[in-house]
Amino acid sequence: MKEIYINIPLFKNETKNSFEIEVEGSLAFIDYKILNNQVALVHTEVSKALEGRGIAAALVEKTLNYLKEKNKSILPFCPYVFSYIKKHPEWKPIVSKQFNGYNKL
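Presented here is an overview of the structure given in this document.

### Let's talk about the sheet that holds strand β5 (residues 74-76)
Reasoning step 1: Here five strands make up an open sheet; going across it, the order is β1-β2-β3-β4-β5 and the pairing mixed. Pairing within the sheet leaves two strands with one partner each, and these edge strands are β1 (11-13) and β5. This sheet shows a mean twist of 30° between the axes of neighbouring strands, independent of strand direction.
Reasoning step 2: Sheet analysis places strand β3 (residues 26-35) next to strand β4 (residues 38-46), joined by eight bridges and oriented antiparallel. In the sheet register, I34 faces β4, and the bridge partner there is V39.
Reasoning step 3: Against the sheet, helix α1 (residues 55-69) makes contact with β1, β2 (18-23), β3, β4 and β5, and its axis sits at roughly 135° relative to β2, the strand it touches most.
Reasoning step 4: Lying on the sheet, helix α2 (residues 79-87) is in contact with β3, β4 and β5; it crosses β5 at an angle near 105°.

### Description of the pattern of salt bridges
Reasoning step 1: This structure, assessed with the given rule, holds two salt bridges.
Reasoning step 2: Between K12 and E14 there is a salt bridge, with the nearest N and O atoms lying 3.8 Å from each other.
Reasoning step 3: Look at E14 and you get exposed, because its relative accessible area is 57%.
Reasoning step 4: Note that E24 and R53 form a salt bridge whose closest N and O atoms lie 2.7 Å from each other. Of this pair, E24 sits in the loop between β2 and β3 while R53 sits in the loop between β4 and α1; the two residues are 29 residues apart in sequence, bridging distant segments of the chain.
Reasoning step 5: For E24, a relative accessible area of 64% puts it in the exposed group.
Reasoning step 6: Classification of R53 by relative accessible area gives partly exposed; the value is 26%.

About the cut-offs
Residues numbered from 1 in each chain as written. Predicted model: local features only at pLDDT ≥ 70, side-chain atom pairs only at ≥ 80, totals over all residues. Heavy atoms only, no water. Pairing = 2+ DSSP bridges. Helix = DSSP H or I, 4+ residues; strand = E, 2+ residues; numbered from the N terminus. Axes fitted to C-alpha atoms, helices over the stretch in contact; angles between N-to-C directions. Contact = heavy atoms within 4.5 Å. Salt bridge = Lys/Arg side-chain N within 4 Å of Asp/Glu carboxyl O. Buried < 20%, exposed > 50% of the residue type's maximum accessible area, 1.4 Å probe, protein only.

What follows is the structure in structure tokens.
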């Protein structure tokens, strides 16, 4: 994660089922669903004004840290989250072994 994003807080918006960070007045978020006590990460979105600055990666890392601290296993359905974990295999232990793409990580 880029150092400039370290102190930006992650907000778990339970009303919208999303993990969110705010950067320069714009929201970046990951939508999630709870499936059999696992957290399915289904969609990541960063506004066009913020694209290409490492914000999505910071959001994913903050979200994964939060879920690891809560001892949750994840289902990375979002292609961006899946790709992030594939590039950072240290996160594979929190992926549910029941996830269909587990062996591709």
